[in-house]
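Here's the letter readout for the chains.
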Amino acid sequence: MHSWLKFGVVAVAAFGLAGCSSGNFLVYKDSKHFYVTSTGPELRRILCDSGDMAKIAKDSQLPDALQKDLKDGICNSNKVKERLLATLEGMTKEQRTALKTAFQQNGYDINVVANC
């Protein structure tokens, strides 16, 4: 029984670390949270319809082509999750940090879910 517990703890840690290495990340605003690669209506309403994603892309100061790819990838009505993931994973660590910082500057929390 004790070995199963150890196995479970190691498995959960491994899955957690694997998720952290992904380019995908969780954003939180207005009591709503979602992954930037999700396709739900909340993401579209909060990030896209509000104009926040355009501001975030500009504030990130990433190259113009990358800003466009991110805006289109996140807000396009025909969103292709795999293409957006490839864009995020193709970014350097510094570029991902700049993007996450821009989200925070625009009132979003990153990788945090509030206790309800």
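Residues numbered from 1 in each chain as written. Predicted model: local features only at pLDDT ≥ 70, side-chain atom pairs only at ≥ 80, totals over all residues. Heavy atoms only, no water.

**A word on the state of the cysteines**
In a disulfide, the sulfur atoms of two cysteines are covalently bonded to one another.
Part 1 of the argument: In the structure shown here, the tally under the stated rule is one disulfide.
Part 2 of the argument: Covalently, Cys 48 is tied to Cys 75 through a disulfide, its sulfur atoms 2.1 Å apart. The sign of the -90 degrees torsion about the S-S bond sets the Cys 48-Cys 75 disulfide as left-handed. Highlighted residues: Cys 48 in helix H2 (residues 41-49) and Cys 75 in helix H4 (residues 64-75), separated in sequence by 27 residues. (Disulfide = S-S within 2.5 Å. Helix = DSSP H or I, 4+ residues; strand = E, 2+ residues; numbered from the N terminus.)

**Topic: the packing of helix H3 (residues 52-60) against helix H6 (residues 93-105)**
Part 1 of the argument: Two numbers describe how H3 lies on H6: the axes approach to 8 Å, and their chain directions differ by 130 degrees. The pairing of H3 with H6 is recorded here as oblique in orientation. When the axes of H3 and H6 are compared, the crossing they make is right-handed. Residue-level contacts link Met 53, Ile 56, Asp 59 and Ser 60 of H3 to Ala 98, Leu 99, Ala 102, Phe 103 and Gln 105 of H6.
Part 2 of the argument: Across the contact of H3 with H6, the residue classes tally to six nonpolar, two polar and one charged. (Axes fitted to C-alpha atoms, helices over the stretch in contact; angles between N-to-C directions. Parallel < 35°, antiparallel > 145°, perpendicular 65-115°, else oblique. Left-handed = near helix turned anticlockwise from the far one by under 90°. Contact = heavy atoms within 4.5 Å. Nonpolar A, V, L, I, M, F, W, Y, C, P; charged D, E, K, R; others polar.)

**Things to note about H6**
Part 1 of the argument: Relative to the 18 Å expected for 13 residues at 1.5 Å per residue, H6 spans 18 Å between its end C-alpha atoms, a close match to the ideal helical length.
Part 2 of the argument: Within H6 the residues assigned to the buried category are Leu 99, Ala 102 and Phe 103. The buried residues of H6 all sit within an arc of 105 degrees when viewed along its axis, so they share a single face. More than 90 degrees from the buried face of H6, the exposed residues found are Lys 93, Glu 94 and Gln 105.
Part 3 of the argument: Downstream of H6 by a residue or two, Gly 107 has a phi angle that is positive, lying close to 90 degrees. (Expected span 1.5 Å × (residues − 1). Buried < 20%, exposed > 50% of the residue type's maximum accessible area, 1.4 Å probe, protein only. Arc of directions from axis to C-beta.)

Function cannot be inferred from these measures alone, as they are strictly geometric.
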